[in-house]
Amino acid sequence: MTTIRITGLGKRYGATTALDDLDLTIGRGVTGLLGPNGAGKTTLLRCLGTAQAPDSGRIEVFGLNPAVAAERTALRRRLGYLPQSPGLYPNFTAAALLDYVAVLKELTGTRQRRAEVRRVLDEVGLTDRARTKVRKLSGGMRQRLGLAQALLGTPDLLILDEPTVGLDPEQRMFFRALISRLGETRTVLLSTHQTEDVSALCERVIVLRAGRAVFDGTPRELAALAQGQVWLSADPPAGGSMYWRTADGDYRTLGVRPPGGAAVRPSIEDGYLTLLGPDAATAVR
Ligand SMILES: Nc1ncnc2c1ncn2[C@@H]1O[C@H](COP(=O)(O)OP(=O)(O)OP(=O)(O)O)[C@@H](O)[C@H]1O
């Protein structure tokens, strides 16, 4: 089932091309967007989240065209959006902030709205922080609150811009479990710099570079791009290949087989590095 259909999408900021004649279709489940800094991920998510209009091309989400005012409103009712830097009012409590967003999302019945606020607080594990002011929440808790506001009203489409950025490993696990559960019944599109997020979560991965999709497939297919190019050896390669020393003291090489190199199964990160070459240096953290 296709949720999102994008054709010929273009967006420029002055001389910078952020999206370049982009075509994509995305369906139910969790899809990950990877790409180096400035590849156009946030611009794409903002266009899909109806926070920004493209210059050219067409977007259809659930058959609705956000360029048409009435359809944009209908789309917003079915959409949850976690922006890269959600503007969470620091002096609101977590519950008051969610209540305010719920009003904006047209949950007008007071009882229904309170129940919905309690539900999403529970879903993100923040029930005991309901009365805590936003400014007193940790970065990870604010990120959870950002996700909670996206979940209000049980939207069919969730757009999450770097949802796991700044989270500690425990919080990241929590987010992954939650996002994968959400993806069982709806469409989730998330951007990330973490290839581990993609392997843990995403059925499908799209790699953007310079506003174009340069890869669209499964995480396994992305990893396979480096098949036959990943090696472990006792000595470093002569040169020309990417390599690093592992914690075990071996050298892991991506590229030409070093002397005595044993083939290793490639990871998603290997596939990504192979796809992007030197551009990837800024992309994987
Ligand atoms: N408001 C803006 N004004 C001018 N240029 C912008 C603006 N927003 C984005 N850009 C430029 O558009 C390009 C795409 O940016 P975008 O934020 O969409 O990329 P990204 O893939 O999300 O990057 P990152 O991984 O660093 O968040 C970049 O070159 C960026 O500098």
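All residue numbers here refer to positions counted from 1 along the written sequence of the relevant chain. Selection of residues for local features in this predicted model requires a pLDDT of at least 70, selection of side-chain atom pairs for listing and counting requires 80 or more, and totals for whole chains, interfaces and linings are taken over all residues. Heavy atoms from the whole structure form the basis of all side-chain values; hydrogens and water molecules are not counted.

**Topic: the sheet that holds strand E1 (residues 2–13)**
Strands were regarded as paired on the criterion that DSSP finds at least two bridges between them. Only DSSP runs of H or I with at least four residues qualify as helices, and only runs of E with at least two residues qualify as strands; both kinds are numbered from the N terminus onward. Spatial ordering of the open sheet is given by E2-E1-E4, a layout of three strands whose pairing is antiparallel. Edge strands, defined here as strands with exactly one partner in the open sheet, are strand E2 (16–27) and strand E4 (56–61). Averaged over neighbouring strand pairs, the angle between their axes works out to 15° when direction is ignored. Where E1 lies against E2, eight bridges are found, and the strand directions are antiparallel. A fitted line through C-alpha atoms represents every axis, and for helices the fit uses only the stretch in contact; the resulting angles, taken between N-to-C directions, go from 0 to 180 degrees.

**A short note on the pairing of strand E5 (residues 79–82)**
Buried residues are those whose accessible area, probed at 1.4 Å on protein chains only, stays under 20% of the maximum for their type, while exposed residues exceed 50% and partly exposed ones sit between those limits. Burial along E5 is two-sided: the face carrying Leu-79 and Tyr-81 and the face carrying Gly-80 and Leu-82 are both buried. Where E5 lies against strand E6 (residues 157–161), four bridges are found, and the strand directions are parallel. Residue pairing across strands places Leu-82 opposite Leu-160, the latter belonging to E6.

**Structural notes on the environment of Pro-36**
You can see Pro-36 is positioned in the loop between strand E3 (29–34) and helix H1 (41–48). Counting along the chain gives 183 residues from Pro-36 to Pro-219, while the straight-line C-alpha distance between them is 17 Å.

**Notes on the domain arrangement of the protein chain**
The domain architecture assigned to the protein chain consists of domain 1 (2–78 + 156–222), domain 2 (90–145) and domain 3 (224–282). Bear in mind that the domain bounds are from an automatic or database domain assignment. Each of domain 2 and domain 3 has a C-alpha centre, and the two are 45 Å apart.

**Topic: the nonpolar core**
In this structure, Leu-98, Leu-145, Leu-160, Ile-179 and Val-188 are the most contacted members of the largest nonpolar core, which totals 45 residues. With residues up to four places along the chain from it excluded, the contact list for Leu-145 reads Leu-88, Ala-94, Leu-97, Leu-98, Leu-126, Val-134 and Leu-137. What we call a nonpolar core is a set of buried Ala, Val, Leu, Ile, Met, Phe, Trp, Tyr and Cys residues that are connected through their side-chain atoms within 4.5 Å. Ranked by size, the runner-up nonpolar core spans 24 residues in total, among them Ile-4, Leu-9, Leu-44 and Leu-64. Contacts were defined at the residue level, with two residues in contact if any of their heavy atoms lie within 4.5 Å.

**Focus on the pattern of salt bridges**
Salt bridges are defined by distance alone: a side-chain nitrogen of Lys or Arg within 4 Å of a carboxyl oxygen of Asp or Glu. Using the criterion set out here, one finds 12 salt bridges in the structure. For Asp-156, the salt bridge is made with Arg-78, and the minimal N-O distance between the two is 2.8 Å. Taken as a pair, Asp-156 in the loop between helix H5 (139–151) and E6 and Arg-78 in the loop between helix H2 (69–76) and E5 lie far apart in primary sequence, 78 residues in all. The class for Asp-156 is partly exposed, based on a relative accessible area of 32%. Between Asp-270 and Arg-252 there is a salt bridge; the shortest N-O distance is 2.9 Å. In this pair, Asp-270 is assigned in helix H9 (residues 268–276) and Arg-252 in strand E12 (residues 251–254), connecting sequence segments 18 residues apart. Of the two residues examined, Asp-270 and Arg-252, each falls in the buried class.

**What to know about unusual backbone geometry**
With a phi angle near 50°, Phe-62 is a residue other than glycine that sits in the positive phi range. With a phi angle near 70°, Glu-106 is a residue other than glycine that sits in the positive phi range. With respect to the secondary-structure elements, Glu-106 resides in the loop between helix H3 (94–104) and helix H4 (110–123).

**Remarks on the UniProt feature "domain: ABC transporter" (unreviewed entry) in the protein chain**
UniProt annotation of "domain: ABC transporter" (unreviewed entry) refers to residues 4–235 when read in the numbering used here. The distance from the first to the last C-alpha atom of residues 4–235 is 48 Å, and the span holds 35% helix and 28% strand. UniProt positions are given in the numbering used here, feature names are shortened, and annotations may be inferred rather than shown by experiment.

**Some points on the site of the ligand**
Residue proximity to a molecule or strand is established when one non-hydrogen atom of the residue lies within 4 Å of it. In the vicinity of the ligand, 14 residues are found, and the nearest of them are Gly-38, Lys-41, Thr-42, Thr-43 and His-193. Residue Gln-84 places a side-chain N or O atom 3.3 Å away from an oxygen atom belonging to the ligand. Shrake-Rupley sampling with a 1.4 Å probe provides the accessible areas, and residues are treated as covered by the protein chains on show and by no other component. When the ligand is considered free in solution it has 630 Å² of accessible area, and contact with the protein chains removes 61% of it. Among the elements of the structure, E2 and H1 are those that each provide at least two residues to the shell around the ligand. Among the elements that make up the shell around the ligand, the one with the highest residue count is H1 (three residues). Per-class residue counts for the shell around the ligand are four nonpolar, eight polar and two charged. Any pair of N or O atoms that falls within 3.5 Å is considered a polar contact. Within protein, one atom must be able to donate a hydrogen and the other to accept it, and sequence-neighbouring residues count only if both atoms are side-chain atoms. Residues are grouped as follows: Ala, Val, Leu, Ile, Met, Phe, Trp, Tyr, Cys and Pro are nonpolar; Asp, Glu, Lys and Arg are charged; every other residue, Gly included, is polar.

**Points about the packing of aromatic side chains**
Note on ring pairs: Phe, Tyr and Trp rings are taken, using the six-membered ring of Trp, and paired if centres are within 6.5 Å. Classes follow the plane angle, with under 30 degrees stacked, over 60 edge-to-face and the rest tilted. Tallying each qualifying case throughout the model produces four aromatic pairs. With centroids separated by 5.8 Å and ring planes inclined at 70°, the aromatic side chains of Tyr-89 and Tyr-100 adopt a geometry described as edge-to-face. With a gap of 11 residues between them, Tyr-89 in the loop between E5 and H3 and Tyr-100 in helix H3 connect regions that are remote in the sequence. Considering the side-chain rings of Phe-92 and Tyr-100, the 5.8 Å spacing of their centres and the 65° angle between planes classify their relative orientation as edge-to-face. Phe-92 gets classed as partly exposed once you look at its relative accessible area, which sits at 29%. Between the NZ or CZ atom of Arg-78 and the centre of the ring of Phe-62, over which it lies, the distance is 3.8 Å. Charges are assigned to positions over rings by a cutoff of 6 Å between ring centre and Lys NZ or Arg CZ, combined with an angular limit of 35 degrees from the ring normal. Between Arg-144 and the ring centre of Phe-174, over which it is positioned, the NZ or CZ distance is 4.7 Å.

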